[in-house]
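Observations on the model geometry
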Amino acid sequence: MTRELMSDLRIKALIAKISMQGVQISPEFLNVLLKNKDEASKILEEILKKLSTMENKPLIITPEFISDSSKQYEEEIDVKDLAEEIEVIFEPTEYILQTPLSKDFRNYFMSRYMKLRKIMISERYDARGAIDIRDLSNKKIIGATENKVKIICIVSDKKVSKSMITFDAEDLTGEVTVLVTMKNSDLLQKAQNIIPNEVICVEGIPIGEGKILATDILQPEIPRQINNVCEKRGGPDIYAVLISDLHIGSRFFMRHAFNKFLLWLNGVFGDAKLKGFAKRTKYVVIAGDIVDGIGIYPGQEKELAIKDLKRQYEVAAYYLSQIPQHVKIIIVPGNHDATRQALPSPTLYKEYAAPLYKLSNVIILGDPAYIKLHKSLFLITHGKSLDDIMVNIANLKYETPAKAMIELLKRRHIAPVYGGRTLIAPEEEDLMVIEKIPNVFHAGHIHTFEYTNYKGVTVVNSGTWQEQTEYMKNMGIYPNKAKAALINLNNNSVQAIIDFEEELESEGDQDI
């Protein structure tokens, strides 16, 4: 630590607070502070604020960690002059159209099992050495406590009693009953969060024909991303804006707030800081529910301003046409949109959404989709399965959707629960296994906004642009509305959250 910095008691105190959180400051970042001595306290305060929102904090603060503070001194740029860099890594439409559905789910679940087994064996050292279930019948290992074994299995059923939790599970060679007693509180907590149809690794002691007493349970999980900062492009920071759940056509669509969003993207709304963000925004990513749809839930017709689906998409296209041409718009469908409701979902049906396809700066993908924006890999899904995750795992709430999204990452699957509220198509291959670890995981559907960082992955649920409906009230959903999350594609961090409902109250109305 230089004497020049240490002489400021406020800076010294802030650095001490950061260190108390187990986070070190790199020499490169100290150089940033030295170059911006007048702003050093502000930069450190923003770091502390950002660290307070992170479940998994970085070990070292580098200059890329808080680009909003350390990079805002760069010369202002306008992304109109920058070439777009978009690569669609995966989206399911062509596979869905070309491959007939299976008669049952056997091939689908076999595909899920094999993919997740491969992930566990290759990425989790503590899952290696797993044996087939059929080998548990070997009399030499039954009941021998020194001969713990590991099996990788898919859970078919779960039962909870006063004395234990049991799972019926299987692999490609046989079936087994997994027993978890109440003696080990940590293991019991793991068992309580296991849901049907997920693939797990069980360590335990075979205790009889077709039974194993668990000593540990492992999920596929994602490994910690030690350096999830993109390789520097040598250019300026560029932003992608994440939104979802517009529900255009609903009487509760927040037209005025969305107009503020459009005005902001056009550089005519907000203070100098907001306008600076707009100049750097190259992409808008929309995670489904562009329109409110028709017949989605009981009594919906009473809540519709536009009762024709094609007309809803015409109005949606009108709004999105106001986004500047140099800003690329990426769309995946939601459960209110015109597409197959079962996951994986193909792109929007052109019969209804033709006006959107006519917009030259729009890319329409299926759900789920992987897309690379510059060097940042995005995994985008509407988030239909989050309803089932909320029901099956204790302590998850609609107010904290990012925590539910983390549960999908732990299971390495977009929709792990079969037979719940989420419809799943019997495809020959399970296309919803999270085989690639994204830099940014984006979803919507829940109508509440939250973001966090999990093991180096930026997780964002982007809320909604719809006021609370009667249906939401009955569901106990209190929406977080009209927010846009800016992702800095230089380091995958949340650069800023812009609240257009709040800005609406302060700025007054004006339509674009």
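Look up a bit, the structure's there.
First things first, this report covers the structure right here in the doc. (Residues numbered from 1 in each chain as written. Predicted model: local features only at pLDDT ≥ 70, side-chain atom pairs only at ≥ 80, totals over all residues. Heavy atoms only, no water.)

Reading across the sheet, the six strands line up as S12-S11-S10-S9-S18-S19 and stay open at both edges, with mixed pairing between neighbours. Of all strands in the sheet, those bounded by a partner on one side alone are strand S12 (362-364) and strand S19 (493-499). Adjacent strand axes in the sheet meet at a mean angle of 20°, parallel and antiparallel pairs treated alike. Taken together, the three bridges between strand S11 (residues 328-332) and S12 define a ladder with parallel strand orientation. Residue pairing for S12: Ile331 is matched across the bridge by Ile364. (Pairing = 2+ DSSP bridges. Helix = DSSP H or I, 4+ residues; strand = E, 2+ residues; numbered from the N terminus. Axes fitted to C-alpha atoms, helices over the stretch in contact; angles between N-to-C directions.)

Applying the stated criterion to the full structure yields 20 aromatic pairs. Measuring from centroid to centroid gives 5.8 Å for Tyr318 and Tyr319, while their planes differ by 65°, and the two rings are edge-to-face. You can call Tyr318 partly exposed: its relative accessible area is 46%. By relative accessible area, Tyr319 is classed as buried at 9%. These aromatic residues form a ring-pair network of at least three members: Phe253, Phe258, Phe261, Trp264, Phe269, Tyr318, Tyr319, Trp465 and Phe500. Lys436 extends its terminal NZ or CZ atom over the ring of Tyr370, reaching a point 5.6 Å from the ring centre. (Phe/Tyr/Trp six-rings, centres within 6.5 Å; stacked < 30°, edge-to-face > 60°. Buried < 20%, exposed > 50% of the residue type's maximum accessible area, 1.4 Å probe, protein only. Lys NZ or Arg CZ within 6 Å of the ring centre and 35° of its normal.)

Quick look at the side chain of Lys384 now. Turning to its location among the elements, Lys384 is positioned in the loop between strand S14 (376-380) and helix H13 (386-392). One buried charged residue, Lys384, forms no salt bridge at all, with the nearest opposite charge on Asp367 at 5.3 Å. For Lys384, the side chain forms a polar contact with the main-chain oxygen of Gln341, separated by 2.7 Å. (Lys, Arg positive; Asp, Glu negative; His and termini not counted. Salt bridge = Lys/Arg side-chain N within 4 Å of Asp/Glu carboxyl O. Polar contact = N/O pair within 3.5 Å; in protein donor to acceptor, adjacent residues only side chain to side chain.)

Turning our eyes to something else, we now look at the sheet that holds strand S4 (residues 149-160). Pairing is mixed in the closed barrel, where five strands are placed in the order S4-S5-S6-S8-S7. Sheet twist, expressed as the average angle between the axes of neighbouring strands with direction ignored, equals 55°. Relative to strand S8 (residues 211-218), strand S6 (residues 175-181) is paired through three bridges, and the arrangement is parallel. Within S8, the position partnered with Val178 by the bridge is Ile212. Helix H7 (residues 106-123) rests against S4, strand S5 (164-170), strand S7 (199-208) and S8 of the sheet, and its axis sits at about 130° to S4. (Contact = heavy atoms within 4.5 Å.)

Moving on: unusual backbone geometry. Note the cis peptide between Leu343 and Pro344, where omega equals -10°. On the secondary structure map, Pro344 appears in the loop between S11 and helix H12 (350-357). With an omega of 5°, the peptide bond between Asp367 and Pro368 qualifies as cis. One can find Pro368 in the loop between S12 and strand S13 (369-373). Although it is not a glycine, His447 sits at a positive phi angle of roughly 70°. What makes His447 buried here is its relative accessible area of 6%. Positive phi outside glycine occurs at Ala482, with the angle close to 55°. Summarising the element assignment, Ala482 is placed in the loop between helix H15 (470-475) and strand S18 (483-488).

Enumeration according to the criterion identifies 22 salt bridges in this entry. The salt bridge partner of Arg134 is Asp132, with a shortest N-O separation of 3.7 Å. Look at Arg134 and you get exposed, because its relative accessible area is 53%. A relative accessible area of 22% places Asp132 in the partly exposed class. For Lys455, the salt bridge is made with Glu221, and the minimal N-O distance between the two is 3.4 Å. Separated by 234 residues along the polypeptide, Lys455 in the loop between strand S16 (449-454) and strand S17 (457-462) and Glu221 in the loop between S8 and strand S9 (239-243) bring together distant segments of the chain. Its relative accessible area of 19% is what places Lys455 among the buried residues. On the accessibility criterion, Glu221 (13% relative accessible area) is buried. Several salt bridges converge on common partners, so that one network encompasses Glu198, Glu407, Lys410 and Arg411.

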